Amino acid sequence: MHTHPLKLITIIAEPVLEARITTELLALGATGFTVVDGRGEGSRALHAAEIPGVNVRIESIVSATVAERIVEQLAIRYFTDYSVIAYVSDVAVVRGAKYETPLGKEPR
Amino acid sequence: MHTHPLKLITIIAEPVLEARITTELLALGATGFTVVDGRGEGSRALHAAEIPGVNVRIESIVSATVAERIVEQLAIRYFTDYSVIAYVSDVAVVRGAKYETPLGKEPR
Amino acid sequence: MHTHPLKLITIIAEPVLEARITTELLALGATGFTVVDGRGEGSRALHAAEIPGVNVRIESIVSATVAERIVEQLAIRYFTDYSVIAYVSDVAVVRGAKYETPLGKEPR
């Protein structure tokens, strides 16, 4: 199978954070993302701006290096004040090269 | 990367089962869940209450122990009468501790 | 856990391709699929028929053999002209037998 091992990072957050998180993903080296609307129930207290139960699921395929950078930044920026869930899984991506920001090129 | 190895359980079911399955997930030790609406086509006969092609995708991050318990109960309760799909995958979760029900504490 | 190791193939594509791709999945040996609507931003130029940012996420659980066949065909049929993303991950499926097309039986 002509695939490349990469990381799929999934971030579940309240909808008010969508634009901020996706902008940060691109700034941290992701070359794209997808977003799906969902609902749910979690174990943490709700933030004041949150509509109970409504969330967005943001996903991005990135290199292991970019995944680590995103996870670190999410923990610093959101985990104290917002009910953000983030997890990383291994995926085999068809035509994986396009998910790598070239060395020496500024991430978007 | 400051992540913890946990299990992501995904359950695809007809919408009429959403409230029942999510209540059971919490009773079996999950600390939360997310739900996304979808559509699809499967290989099994439709249940009488099912709108053809419409489904919900229920996801929950749990420990390996809770994942096993959920899978066993789903098989017993739904797989004979309903077109339920369930699968488990490995994920590396940021701040994984909050997905564990403390020992000696009643699961919600 | 009574599960079977199978492959989850995820295809993210512009909505106009949904019917064509899901028909091909079944023809290539998949026994079913689910579709969720999403939005996103990618690194490639848009196709003329594409509404910017709107996509569908098509998922199917298949054997490793069928996954390889689907990945090869997707690369041949779509990757030159369309902004299709495809990746494969490992899942442990409850009642995995129903995702296998029996040997000697024509795939749907």
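Residues numbered from 1 in each chain as written. Chains lettered and ligands numbered in written order. Predicted model: local features only at pLDDT ≥ 70, side-chain atom pairs only at ≥ 80, totals over all residues. Heavy atoms only, no water.

*Asks:* What is the right way to read the overall build of chain A from this model?
*Replies:* Each helix and strand counted, chain A has 2 helices and 4 strands in total. Listing each helix as α and each strand as β along chain A from the N terminus yields β-α-β-β-α-β. The long-range fraction of contacts in chain A, counting pairs at least 24 apart against all pairs at least 6 apart in sequence, stands at 80%. Carbon and sulfur atoms make up 58% of the accessible area of chain A, which totals about 4,900 Å². (Helix = DSSP H or I, 4+ residues; strand = E, 2+ residues; numbered from the N terminus. Contact = heavy atoms within 4.5 Å. Areas by Shrake-Rupley, 256 points an atom, 1.4 Å probe, with all protein chains shown as cover.)

*Asks:* Just to check I follow, could you spell out the interface of chain C and chain B for this structure?
*Replies:* Interface extent is often summarised as the accessible area lost during association of the parts. Listed as interface residues are 24 residues of chain C and, on the opposing side, 23 residues of chain B. Taking both partners together, chain C and chain B bury about 2,000 Å²; carbon and sulfur atoms supply 54% of that area. With a closest N to O distance of 2.6 Å, C:Glu59 and B:Arg57 form a salt bridge. For the side of chain C that touches chain B, the secondary-structure elements that each account for two or more residues are strand E1 (3-13), helix H1 (18-27), strand E2 (33-41), strand E3 (54-62) and strand E4 (85-94) of chain C. By residue class, the composition of the side of chain C that touches chain B is 13 nonpolar, 4 polar and 7 charged. With 3 bridges connecting them, strand E2 (residues 33-41) of chain B and E2(C) associate as antiparallel partners. Bridging across to E2(C), B:Gly40 finds its partner in C:Thr34. (Buried area = accessible area lost by both parts, 1.4 Å probe. Salt bridge = Lys/Arg side-chain N within 4 Å of Asp/Glu carboxyl O. Nonpolar A, V, L, I, M, F, W, Y, C, P; charged D, E, K, R; others polar. Pairing = 2+ DSSP bridges.)

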